[in-house]
Amino acid sequence: MITKLNHVSIFVLDQQRAYDFYVNKLGFKVHTDAPFGKGMRWLTVCPPEQPELEISLMAIEDGMMFKDGSAAVMRELVSKGTFGFGVFECINLLATYEELKQKGVTFKKPPTKEFYGYEALFIDDSGNWFSLGEKK
């Protein structure tokens, strides 16, 4: 039986820019940053209070996963904001929203009361969408 998920990938257009966004803006911790084959990099980050979940910041490059021009198609989908979505939680949405805005994070929706709690929507530097929520 499967017991848990320990890695998940977010496809990014540039790993160094993604590193800056997830570590310096969102405050994630680097778990692994190592060479991974010819010219590739294995870069994983974790939310500070969830070190058991590694988020792989996966570069979209031709190679193992992307063949026959599919990397170009994926880069276009990601950059247009049509691929990738996740939900992050925080303790104080208004404070987190203000802190992230000051760090340059782009929000598509300000904190709003919804039937399931409070939520704001932001995008990363590649175009991936995320919900930031506070359970009430």
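As shown above, the structure is provided for reference.
These figures come from a predicted structure and were not determined experimentally.

**Student:** Just checking my understanding: could you explain the sheet that holds strand 5 (residues 85-89) for this structure?
**Tutor:** Working definition: the strands of a sheet are paired by backbone hydrogen bonds and lie parallel or antiparallel to each other. Judged by pairing direction, the sheet is mixed, and its four strands sit side by side in the order 5-8-7-6 without closing on themselves. Taken across any chain shown, the strands that pair with only one partner, and hence form the sheet edges, are strand 5 and strand 6 (106-114). Along the sheet, successive strands turn relative to each other by an average axial angle of 20°, direction set aside. Inspection of the sheet shows strand 7 (residues 117-123) paired to strand 8 (residues 129-134) by six bridges, in the antiparallel sense. When the sheet's bridge partners are listed, Phe122 is paired in strand 8 with Phe130. Taken strand by strand, helix 3 (residues 93-102) contacts strand 6, strand 7 and strand 8, and its axis lies near 170° from that of strand 6.

**Student:** Is there a simple way to think about unusual backbone geometry in this case?
**Tutor:** Its identity as a non-glycine residue notwithstanding, Asp68 has a phi of 55°, on the positive side. The residue Asp68 is located in the loop between strand 4 (54-59) and helix 2 (70-79) in this model. Assessed through its relative accessible area of 82%, Asp68 is described here as exposed.

**Student:** Got a minute to help me understand the nonpolar core in this structure?
**Tutor:** A general trend in soluble globular proteins is that nonpolar side chains are found buried together. Among the nonpolar cores identified, the biggest contains 23 residues, and Tyr22, Leu26, Leu57, Phe107, Phe122 and Leu132 are the most heavily contacted of them. Counting residues per element, the ones that place at least two in this core are strand 1 (7-12), helix 1 (15-25), strand 3 (41-46), strand 4, helix 3, strand 7 and strand 8. Here the element with the most residues in this core is helix 1; it accounts for four residues. Those residues in contact with Leu57, other than ones at most four positions away along the chain, are Ile10, Val12, Gln15, Ala18, Tyr19, Tyr22, Leu43 and Val45. Counting seven residues, the second-largest nonpolar core is a separate cluster that includes Phe11, Ile60, Ala71 and Val78.

**Student:** What am I meant to see in helix 2 here?
**Tutor:** Spacing of three or four residues puts side chains on the same side of an α-helix, whose turn is 3.6 residues. Within helix 2, the full set of buried residues consists of Ala71, Met74 and Val78. Here the buried residues of helix 2 occupy an arc of 65° about the axis, which is enough to place them on one side. Taken together, the buried residues of helix 2 touch strand 1. Following helix 2 by one or two positions, Gly81 has its phi on the positive side, about 75°.

**Student:** Any chance you could explain the side chain of Glu119 here in plain terms?
**Tutor:** Here Glu119 is to be found in strand 7. A polar atom in the side chain of Glu119 sits 2.6 Å from the side chain of Lys109. Leave out the neighbours within four places in its chain, and Glu119 touches Leu93, Lys109, Pro110, Pro111, Thr112, Glu114, Ser131, Leu132 and Gly133.

**Student:** Sorry if this is basic, but what is going on with the layout of surface pockets here?
**Tutor:** Empty space left among the atoms is revealed by rolling a probe the size of a water molecule over them. Estimates place the volume of the largest pocket at around 790 Å³. In terms of lining residues, the largest pocket is bounded by 32 residues, among which Phe28, Pro47, Pro48, Phe88 and Glu89 are the most central. Sorting the residues of the lining of the largest pocket by element identifies strand 1, strand 5, helix 3 and strand 8 as the ones contributing at least two each. A breakdown of the residues in the lining of the largest pocket according to their chemical character gives 19 nonpolar, eight polar and five charged.

What counts as what
Residues numbered from 1 in each chain as written. Predicted model: local features only at pLDDT ≥ 70, side-chain atom pairs only at ≥ 80, totals over all residues. Heavy atoms only, no water. Pairing = 2+ DSSP bridges. Helix = DSSP H or I, 4+ residues; strand = E, 2+ residues; numbered from the N terminus. Axes fitted to C-alpha atoms, helices over the stretch in contact; angles between N-to-C directions. Contact = heavy atoms within 4.5 Å. Buried < 20%, exposed > 50% of the residue type's maximum accessible area, 1.4 Å probe, protein only. Core = buried A, V, L, I, M, F, W, Y, C linked by side-chain atoms within 4.5 Å. Arc of directions from axis to C-beta. Polar contact = N/O pair within 3.5 Å; in protein donor to acceptor, adjacent residues only side chain to side chain. 1 Å grid on protein atoms, 1.4 Å probe; cavity = no way out; pocket = protein on both sides within 12 Å on 5 of 7 lines; lining within 4 Å. Points joined across faces, edges and corners; volume = space filled by probe spheres on them. Nonpolar A, V, L, I, M, F, W, Y, C, P; charged D, E, K, R; others polar.

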